[in-house]
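Working through the structure, step by step
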Amino acid sequence: MKVIISGASGMLGSEIADAFETDGHEVKRLLGRKELDLTSTADTLRLIEAYRPDLIIHTAGNKDVDAVERDSRSGYFINTLTTRNMALAAMKVQAKLLYTSTDAIYNGEKGTAYHEYDEPDPINVYGFSKLKGEEEVRKYCKKYYIVRLGLLFGNRGHPENNMIRQIIEKLNQGKTIEASVDQVCSPSYTKDVTAAILKLCQTDFYGEYNLANEGQASRYELTKKICEQMGYDTALVQPANAGNIKLARRPKYTAFDSINYKMINAGTMPHWEDALARCLDELRR
Ligand SMILES: NC(=O)c1ccc[n+]([C@@H]2O[C@H](COP(=O)([O-])OP(=O)(O)OC[C@H]3O[C@@H](n4cnc5c(N)ncnc54)[C@H](OP(=O)(O)O)[C@@H]3O)[C@@H](O)[C@H]2O)c1
């Protein structure tokens, strides 16, 4: 397949680009705003029409929930408008489109894990901007995969946008880290998500996927596990409430029940603790 991947300098996009290339696909990487700002409708369509991909994987976005809350206009530009542009372009060249969305489209009040048939109801600008992106995809495309993800960990991307690197930098400096106990999700490894996306894109099972490693954890549990596995003093990780340390409201509980992915017989996703151990092994190497 001819595949074009946006956000290919990012934590997830770079992983996906490598995996598709290794699998023998012809990959064009869109590395970021310096190369092409995907908020421009005209430039985006021109590029996609020139390349004529079979598949567009749109991972570019702004995942900084508090920054997007402060400047909602820019959040809608980066998360929603770029997705509208990619959806319009996919329609024009008849390409399949995969869009990476988020568990922040849910309000977190359900009390049990969210599956694909639960109603979205975002409580912050980031969640709204990504949900609006989903609507743009459905408006223009028939052959789409909307892949919703919980908190991602991995070793790629800009260090300042990489959760594990940020945590380890603070631990190295002996700084205390406050992590929320009241924000539970299904943390997932970019490598495992990438493997699932690679399988999914070779099917014509279009639609929504709440995709995640098995299990669930609070930010506090995840941070403590990273600290422990990397051999730092776990007392440096302190429990906190999201409302006291974050600007934007956070949904309390957004673990995933990946009904649709399980039903395509692509295998089960590993548990997040196993995934984290592999991720930290890769980091040590
Ligand atoms: N990381 C998570 O925990 C998480 C959880 C759920 C969902 N997601 C979703 O997964 C996707 C990938 O996340 P990630 O962690 O890989 O993000 P990331 O590391 O922050 O990478 C974002 C990428 O988007 C590019 N980009 C941003 N604005 C752009 C623009 N206007 N035009 C072109 N490129 C632009 C960035 O490049 P430049 O900065 O160089 O422009 C970068 O390559 C995002 O859509 C995010 O919403 C992430």
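Residues numbered from 1 in each chain as written. Predicted model: local features only at pLDDT ≥ 70, side-chain atom pairs only at ≥ 80, totals over all residues. Heavy atoms only, no water.

**Brief notes about the overall build of the chain**
- Within the chain, the regular secondary structure consists of 11 helices and 13 strands.
- Over its C-alpha atoms the chain spans a radius of gyration of 18 Å, differing by no more than 12% from the 19 Å that the globule rule assigns to 285 residues.
- Taken along its principal axes, the extent of the C-alpha atoms in the chain is 55 × 40 × 40 Å.
- Burial statistics for the chain: of 285 residues in total, 54% are counted as buried.
- Accessible area for the chain stands at about 12700 Å²; split by element, carbon and sulfur atoms hold 48% of it.
- When the 38 basic and 39 acidic side-chain charges of the chain are each reduced to a single mean position, those positions are 4 Å apart. (Helix = DSSP H or I, 4+ residues; strand = E, 2+ residues; numbered from the N terminus. Rg over C-alpha atoms; globule rule 2.2 N^0.38 Å. Buried < 20%, exposed > 50% of the residue type's maximum accessible area, 1.4 Å probe, protein only. Areas by Shrake-Rupley, 256 points an atom, 1.4 Å probe, with all protein chains shown as cover. Lys, Arg positive; Asp, Glu negative; His and termini not counted. Charge placed at Lys NZ, Arg CZ, Asp CG, Glu CD.)

**Quick notes on unusual backbone geometry**
- Of note, Arg52 is a non-glycine position whose phi angle comes to about 50°, a positive value.
- Structurally, the position occupied by Arg52 is in the loop between α2 (41–51) and β3 (55–58).
- For Arg52, a relative accessible area of 46% gives the class partly exposed.
- The backbone of Gln94 shows a phi angle near 60°, a positive value even though the residue is not glycine.
- Note on placement: Gln94 falls in the loop between α4 (72–93) and β4 (96–102).

**Here's the deal with the site of the ligand**
- Around the ligand, the structure places 27 residues, and the nearest of them are Ser9, Arg33, Lys63, Tyr126 and Lys130.
- At a separation of 2.7 Å, an oxygen atom of the ligand approaches a polar side-chain atom of Ser9.
- Contacts to the ligand include Gly10, whose backbone N or O atom sits 3.3 Å from an oxygen atom.
- Here the ligand, which alone exposes 900 Å², has 91% of that area covered by the protein.
- Only α1 (11–22), β4 and α5 (125–140) provide two or more residues apiece to the shell around the ligand.
- Of the residues contributing to the shell around the ligand, the split by class is 11 nonpolar, 12 polar and four charged. (Near = heavy atom within 4 Å. Polar contact = N/O pair within 3.5 Å; in protein donor to acceptor, adjacent residues only side chain to side chain. Nonpolar A, V, L, I, M, F, W, Y, C, P; charged D, E, K, R; others polar.)

**Points about the pattern of salt bridges**
- Within this structure, the stated rule accounts for 23 salt bridges.
- Across the salt bridge formed by Asp43 and Arg46, the nearest N and O atoms sit 2.9 Å from each other. In this pair, Asp43 and Arg46 are both assigned in helix α2, three residues apart and thus about one turn of the helix distant.
- A salt bridge links Asp66 to Arg250; the nearest nitrogen and oxygen atoms lie 2.9 Å apart. Of the two residues, Asp66 sits in helix α3 (residues 65–70) while Arg250 sits in the loop between α9 (242–245) and β13 (253–254), which places them 184 residues apart along the sequence. (Salt bridge = Lys/Arg side-chain N within 4 Å of Asp/Glu carboxyl O.)

Function-wise, these values are silent; they only describe arrangement.
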